[in-house]
Amino acid sequence: MAVVTLEEVLTHQTRPWLALYGVMLKPRRHTEQHINEEDLAPIQRLLTDELMTIIFSRLGPYTLGQAACVGSWRRFFLEQPHLRYEGLYVSRNTYIRQGSSEWRRERSCYLVTYFRYFRFFPDGTLLYRTSPLTVSKVAKSMQARSSTAGAAAPSAKQKLDQHVYAGRYVIKGGKLFVIIVYPNSRSTEVRARCNIRGVPLLGAANRLDLEELASFDREQGSSASMLRQDPDEDPEGSGSTTSFRRGLSSCVFVPWEAVAASPLNLPAKEMDFWLTG
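Cut-offs used in this document
- Residues numbered from 1 in each chain as written.
- Predicted model: local features only at pLDDT ≥ 70, side-chain atom pairs only at ≥ 80, totals over all residues.
- Heavy atoms only, no water.
- Phe/Tyr/Trp six-rings, centres within 6.5 Å; stacked < 30°, edge-to-face > 60°.
- Buried < 20%, exposed > 50% of the residue type's maximum accessible area, 1.4 Å probe, protein only.
- Salt bridge = Lys/Arg side-chain N within 4 Å of Asp/Glu carboxyl O.
- Helix = DSSP H or I, 4+ residues; strand = E, 2+ residues; numbered from the N terminus.
- Contact = heavy atoms within 4.5 Å.
- Core = buried A, V, L, I, M, F, W, Y, C linked by side-chain atoms within 4.5 Å.
- Pairing = 2+ DSSP bridges.

**Looking at the packing of aromatic side chains**
- The tally for this structure, following the rule as stated, stands at seven aromatic pairs.
- Both rings, one in F118 and one in F120, keep their centres 6.0 Å apart while their planes meet at 5 degrees; by these two values the pair is stacked.
- F118 sits in the buried class, given a relative accessible area of 3%.
- Taken together, the ring pairs connect Y89, F118, F120, Y128, Y169 and F253 into an aromatic cluster.

**Describing the pattern of salt bridges**
- On inspection of all chains with the given rule, the structure shows five salt bridges.
- Residues E86 and R84 are paired through a salt bridge, measuring 2.8 Å at the closest nitrogen-oxygen approach.
- Its salt-bridge partner being E211, residue R193 comes within 3.4 Å of it at the nearest N-O pair. Of the two residues, R193 sits in strand β6 (residues 188–197) while E211 sits in strand β7 (residues 207–218), which places them 18 residues apart along the sequence.
- We classify R193 as buried; its relative accessible area is 14%.

**Focus on the side chain of T113**
- Mapped onto the secondary structure, T113 falls in strand β2 (residues 109–120).
- T113 has contacts with R92, N93, T94, P132 and A268, leaving out every residue within four places of it along the chain.

**Considering the nonpolar core**
- Membership of the largest hydrophobic core comes to 21 residues, with the highest contact counts inside it found for L83, Y89, F120, L176, V178 and L208.
- Counting residues per element, the ones that place at least two in this core are β2, β3 (125–131), β5 (175–181), β6, β7 and β9 (251–255).
- Examining the composition of this core, we find that four residues originate from one element, β6, more than from any other.
- Not counting residues up to four positions away in its chain, the partners in contact with L208 are L83, Y89, F120, L176, C194, N195, I196, S250 and C251.
- Formed by 18 residues, the second largest nonpolar core is a distinct cluster that contains F115, L127, V254 and W274.

**Quick look at the pairing of β6**
- Counting buried residues along β6, seven of its 10 residues qualify, which places the element largely inside the surrounding structure.
- Here β5 pairs with β6 via seven bridges, running antiparallel. In the strand pairing of β6, V178 is matched with A192.
- Looking at chain direction, β6 and β7 are connected through 10 bridges and run antiparallel. Within β7, the position partnered with R191 by the bridge is A214.

**A short note on the pairing of β3**
- With respect to burial, β3 is a largely interior element, six of its seven residues being buried.
- For β2 and β3, the ladder comprises six bridges, and the chain directions are antiparallel. Bridging from a neighbouring strand, R116 pairs with T130 of β3.
- Counted along the chain from β2 to the antiparallel partner β3, the turn is four residues long, and its residue G124 has a positive phi close to 95 degrees.
- Looking at chain direction, β3 and strand β4 (residues 165–172) are connected through four bridges and run antiparallel. Its bridge partner being in β4, L127 is matched across the sheet by A166.

**What about unusual backbone geometry?**
- In this structure, the amide linkage connecting V199 to the following residue, P200, adopts the cis form with an omega of 0 degrees.
- The topology assignment puts P200 in the loop between β6 and β7.
- Residues other than glycine seldom take positive phi values, yet A205 does so here, at roughly 50 degrees.
- Relative to the elements of secondary structure, A205 occurs in the loop between β6 and β7.

Shape is all these values report; function is a separate question.
This is the structure:
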């Protein structure tokens, strides 16, 4: 049986869930863990596992697919939160900054624009950068390989840009949890909690809603679990957390082939506000 990687599945253009067909999953044994009755199909509540095995072994593929307890790879792909790896997640943020009045009566105002960039890898690592530069000017610096979480160290040609930070992530309970450690620092971390969604189609995974963004200072140098729902909590009492409410604009996924033509490259005078949808 062929082995299919998640990256190959997510980069499939038309029907990516088709690559999951033929991939067998281990059956869940009721004796290993408690199963909620609400999660079971009606036929599973009435019949034993042994009897259902005998019945299903005599059914054809189409008839077997009509059983309520048999899942669909298409439904799994559309409903299961996942990330895309063939591009960047970009967040465009703006705010108004007032200039000094000096000797004039009027005080000038400036529209400041900056971006957050995320690139994810299938092995649980990521690259992160904040910059006032547009995505077409930053994309090249985000194409190096991460060297965290057991990934191979980058070669001389893949050396990370000084403005790019490496980190790790995990998807738990439908949420994306991110930890980024600043270089040459054992105590300062950036933590984020995001919601993954698809626009306009379910399963597109082309939006990241930043629900929480915080800088965490851990003086002891020990690592905290990135699965904590509240990043403001400090269970060990060894650090302090500062939460940020500004700069939480949703991220839009930009494939590598669409970087040059992305509307995110437009200057502020042509696009003063950006709606992610």
